[in-house]
Amino acid sequence: LTDVDAPVTQLNGSLIVRQDLPVEADLRGQWLGGALEVQITPDDRTDRNATLVARGRATAEELAKYVPASVKLDGALDWSMTTHLTSRPGSRAQTFAIDSSTQGLGIDLPYPAGKPREAVRPFHVDLEHSARQLLTRVSFGDIRALLRWIPERGKWAFDRGSVRADRVAASLPDHAGLRLEGSIDRLRLDDWFALAENREGADTGDGDGGTKLSDVLRAANLHVDLLQLYGYEWPDVRGVMQATPQGWRVDVTGSNAEGQILIPEDFKGAQPLTIDLERLMVMRTPRNGGESSQEQSRDPREWPSLRVHIGDMHLESHPIGGVELHATRVPDGLRIDSLTIVQDAVQAEAHGDWLIGPQGERSSLTAKITSTDVRATLRALNYTEFLEAKRAEVSANLSWPGGFDGSLIKRASGSITVSAESGQLLMLQPGAGRMLGLFSVAALPRRLALDFSDLTDKGLSFDTIHGDFELRDGNAYTNNLLLRGPAAEIGVAGRTGLSSQDFDQTAVVTGNLGASIPVAGAIAGGPAVGAALLLFSQMFKEPLKGIARGYYRITGTWDDPVVERVDASEAKESRVN
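Keep in mind that this is a model prediction, so the values were computed, not measured.

1. What about the overall build of the protein chain?
Part 1: Helix and strand counts for the protein chain come out as eight helices and 30 strands.
Part 2: When each of the 577 residues of the protein chain is scored for burial, the buried share is 43%.
Part 3: Excluding contacts between residues fewer than 6 apart, the proportion of contacts in the protein chain whose partners are at least 24 apart in sequence is 49%.
Part 4: Total accessible area on the protein chain stands at roughly 29300 Å², and carbon and sulfur atoms take up 52% of it.

2. Some words on the packing of aromatic side chains
Part 1: All told, the structure shown has six aromatic pairs when counted by the stated rule.
Part 2: When the ring of tryptophan 354 is compared with that of phenylalanine 404, the centres are 6.4 Å apart and the planes differ by 75 degrees; the resulting orientation is edge-to-face. With tryptophan 354 in strand S21 (residues 346-357) and phenylalanine 404 in the loop between strand S23 (387-401) and helix H5 (408-411), this residue pair connects regions lying 50 residues apart in the sequence.
Part 3: For tryptophan 354, a relative accessible area of 8% gives the class buried.
Part 4: These aromatic residues form a ring-pair network of at least three members: Trp303, Trp354, Trp400 and Phe404.
Part 5: Stacked on the ring of tyrosine 111, the Lys or Arg arginine 186 has its end atom at 3.7 Å from the ring centre.

3. A look at the side chain of arginine 179
Part 1: Assignment of secondary structure puts arginine 179 in strand S12 (residues 177-188).
Part 2: Judged by its relative accessible area of 19%, arginine 179 is buried.
Part 3: Sequence-distant contacts of arginine 179, defined by excluding residues within four places in its chain, comprise Gly161, Ser162, Val163, Ser171, Pro173, Ala219 and Ala220.

4. Concerning the pairing of strand S11 (residues 155-164)
Part 1: With nine bridges connecting them, strand S10 (residues 143-152) and S11 associate as antiparallel partners. Its bridge partner lying in S11, leucine 146 is registered against serine 162.
Part 2: Taken together, S10 and the strand that follows it, S11, pair antiparallel across an intervening segment of two residues, in which arginine 153 is found at a positive phi of about 50 degrees.

5. Side note on unusual backbone geometry
Part 1: Omega for the bond connecting tyrosine 111 with proline 112 falls within 30 degrees of zero, at 10 degrees, which places this linkage in the cis form.
Part 2: Tracing the backbone shows proline 112 in the loop between strand S7 (105-108) and strand S8 (123-129).
Part 3: The residue glutamine 19 is not glycine, and still its phi comes out positive at about 55 degrees.
Part 4: Inspection of the secondary structure assignment puts glutamine 19 in the loop between strand S1 (9-18) and strand S2 (21-31).
Part 5: Residue glutamine 501 is not a glycine yet carries a positive backbone phi of 55 degrees.
Part 6: Residue position: glutamine 501 is located in the loop between strand S27 (488-497) and strand S28 (502-511).

6. Structural notes on the pattern of salt bridges
Oppositely charged side chains can pair when the atoms bearing their charge come close.
Part 1: Inspection of every chain in the model, using the stated rule, returns 21 salt bridges.
Part 2: A salt bridge links aspartate 337 to arginine 335, with the nearest nitrogen and oxygen atoms 2.7 Å apart.
Part 3: Of the charged contacts in the structure, one is a salt bridge between glutamate 470 and arginine 472, with a shortest N-O distance of 3.1 Å.

7. Observations regarding the side chain of threonine 136
Part 1: Mapping threonine 136 onto the fold places it in strand S9 (residues 134-140).
Part 2: Residue threonine 136 is classed as buried on the basis of its relative accessible area, which comes to 8%.
Part 3: Leave out the neighbours within four places in its chain, and threonine 136 touches Val125, Asp126, Leu127, Ala145, Leu146, Leu147 and Trp149.

8. A word on the environment of alanine 145
Part 1: Examined against the element boundaries, alanine 145 turns out to sit in strand S10.
Part 2: Owing to a relative accessible area of 11%, alanine 145 belongs among the buried residues under this scheme.
Part 3: In sequence terms alanine 145 and alanine 170 are 25 residues apart; their C-alpha atoms lie 5.4 Å from each other.
Part 4: Discounting residues that sit within four places of it in the chain, alanine 145 has contacts with Thr136, Arg137, Val138, Ser162, Val163 and Ala170.

9. As for the nonpolar core
Part 1: Ile261 and Leu306 are the most contacted members of the largest nonpolar core, which has 69 residues in total.
Part 2: When sequence neighbours within four positions are dropped, the list of residues in contact with isoleucine 261 reads Trp248, Arg249, Val250, Val252, Leu273, Thr274, Ile275 and Leu277.
Part 3: Ranked by size, the runner-up nonpolar core spans 32 residues in total, among them Phe386, Leu425, Leu471 and Val492.

10. A few points about the environment of aspartate 126
Part 1: Position of aspartate 126 relative to the elements: it lies in strand S8.
Part 2: Accessibility expressed as a relative area gives 33% for aspartate 126, which makes it partly exposed.
Part 3: Put simply, aspartate 126 and leucine 146 are 20 residues apart on the chain and 9.6 Å apart in space, counted from C-alpha to C-alpha.
Part 4: In this structure aspartate 126 touches Phe96, Ala97, Leu135, Thr136 and Arg137, once residues within four positions along its chain are discounted.
Part 5: Among the polar contacts listed, one links the side chain of aspartate 126 to the side chain of histidine 124, at a separation of 3.0 Å.

11. Here's the deal with the environment of glutamine 228
Part 1: Along the chain, the position of glutamine 228 falls in strand S13 (residues 217-229).
Part 2: Taking the C-alpha atoms as reference points, glutamine 228 and arginine 284, separated by 56 residues in sequence, lie 9.1 Å from one another.
Part 3: With residues up to four places along the chain from it excluded, the contact list for glutamine 228 reads Leu187, Arg188, Leu189, Asp190, Glu233 and Thr285.

12. Some remarks on the confidence of the model for the protein chain
Part 1: In the predicted model, the protein chain carries a mean pLDDT of 81, and 79% of its residues have values of at least 70.
Part 2: The model gives residues 445-457 a pLDDT under 50, and that stretch makes 23 contacts with residues more than four places away or in other chains.
Part 3: The model gives residues 513-532 a pLDDT under 50, and that stretch makes 40 contacts with residues more than four places away or in other chains.

13. Regarding the pairing of strand S3 (residues 34-42)
Regular strands place side chains that alternate from one sheet face to the opposite one.
Part 1: For S2 and S3, the ladder comprises seven bridges, and the chain directions are antiparallel. Paired with alanine 25 across the bridge in S3 is isoleucine 40.
Part 2: Hairpin geometry of S2 and S3 is characterised by an intervening segment of two residues between the two adjacent antiparallel strands and by a positive phi of about 55 degrees at leucine 32.
Part 3: Note that S3 and strand S4 (residues 49-59) share seven bridges and pair antiparallel. Residue pairing in the sheet places isoleucine 40 in a bridge with leucine 52 of S4.
Part 4: Once S3 ends, the chain turns through six residues before running back antiparallel as S4, passing aspartate 47 with a positive phi of about 60 degrees.

Parameters at a glance
Residues numbered from 1 in each chain as written. Predicted model: local features only at pLDDT ≥ 70, side-chain atom pairs only at ≥ 80, totals over all residues. Heavy atoms only, no water. Helix = DSSP H or I, 4+ residues; strand = E, 2+ residues; numbered from the N terminus. Buried < 20%, exposed > 50% of the residue type's maximum accessible area, 1.4 Å probe, protein only. Contact = heavy atoms within 4.5 Å. Areas by Shrake-Rupley, 256 points an atom, 1.4 Å probe, with all protein chains shown as cover. Phe/Tyr/Trp six-rings, centres within 6.5 Å; stacked < 30°, edge-to-face > 60°. Lys NZ or Arg CZ within 6 Å of the ring centre and 35° of its normal. Pairing = 2+ DSSP bridges. Salt bridge = Lys/Arg side-chain N within 4 Å of Asp/Glu carboxyl O. Core = buried A, V, L, I, M, F, W, Y, C linked by side-chain atoms within 4.5 Å. Polar contact = N/O pair within 3.5 Å; in protein donor to acceptor, adjacent residues only side chain to side chain. pLDDT = per-residue confidence, 0-100.

In structure tokens:
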């Protein structure tokens, strides 16, 4: 193989050649960074055939010269090679059999191709070389491959081949390029995307101006038991892929996904990643021990532009509805031009960005959610159904350090406004409002033993609920959360701990409920309570219903809030001061 620049050095020993056939040899030297031994023995007395057996050790540093730059190797491996020599070269193809346990060599590739240094994974290659082609059959663990190179402009050029990961023998495709096929137990696309991105920036050194990956990877027909991407997973997925001039078209079929994906060749180019799915069920990848993992935040500068349409999306078995997303790649990351979610009872619209600047990774989101069946919406979003209303609206203008993940609300700064009309605050167990962390009023009726049975058998009826919240340092602050009902009004001011999941609030309850609302208590709340009560005196500008009024301090955790009465005289002192 005259185009392989790998000379043997420090060669010592003996070699016997008869006519044009090496028939005996006992040689020592250095090759591929390690020791080399070569023995040649005659096959018979005719001196027309002989067997060459070579053994050696190759270092990762030397092997790296003959693999793509994106494939990282470390360590070293022992190998052996056998080939048959003949005095009639050219009468038949030359064959080589290469074997290694690969123990000692680390291969930094995604599963199933990668391995740690200490692992043993048998590697076998049958190499068939002739003037017309170089045919390679590979076995590496469960991977099987059949690859063909042909001579082109004085060099060996890859022509076609196939790779499988299910121990089934591979066959040559009827088209040029590489085909992936068969079944695999799991496939994590994050790692393969990262490898492709690294390859784009690598200098191939082949002088051909950089071969596009889509020129090599032409087709695939894979069944994946578990497909993973960015912290989510999909079981039992079949994908059929075809290369296009701009990248790849993937037709997806499975129990949790159905539709088509267009993957661009270059994530940094103008071509968007286009996802058009009839349905998609998204499940988080469990951690070790079965816990659900958090979504993985990647560098937004690595994302392509996005055009997403999902007809019916479910998150963790909860229906989200139809999803439309348009996002544009910008120099610092990703700009979310529009996000729309539509379900039977809810519609959400949002826009924002996800960027990396001088201060690090930051994101922002402006959103508006409108529901015409709040209880059904809470159920769909996996929130406790503590509120029932004919209409509700949530508006948010937020920014936070980091990317989009399940804990962003704990880091966010900005404002949230909530409102609801014509409904009931349901009589539930402690922690009923914990998912929003805003409606501590859900704890009041139960903790105060108020009797609302004459109003509704579901809970406390209301005409309207409205409140503005300021988010900062993992807390939500309000001074005007107000519930107005046919027989009672409840106002709340104070702090909700979104990270600490606790309350530090004060509430005033007024109404025509007679003795069910204590008008005074024995517990003084201190300056913080006085300040909150002053806010109430300013907030309730119009006359409140009835004459009964009670003041309460709400502390403790979302799961077990503590409600204590505050002396009403303190409110008077606050107003005077």
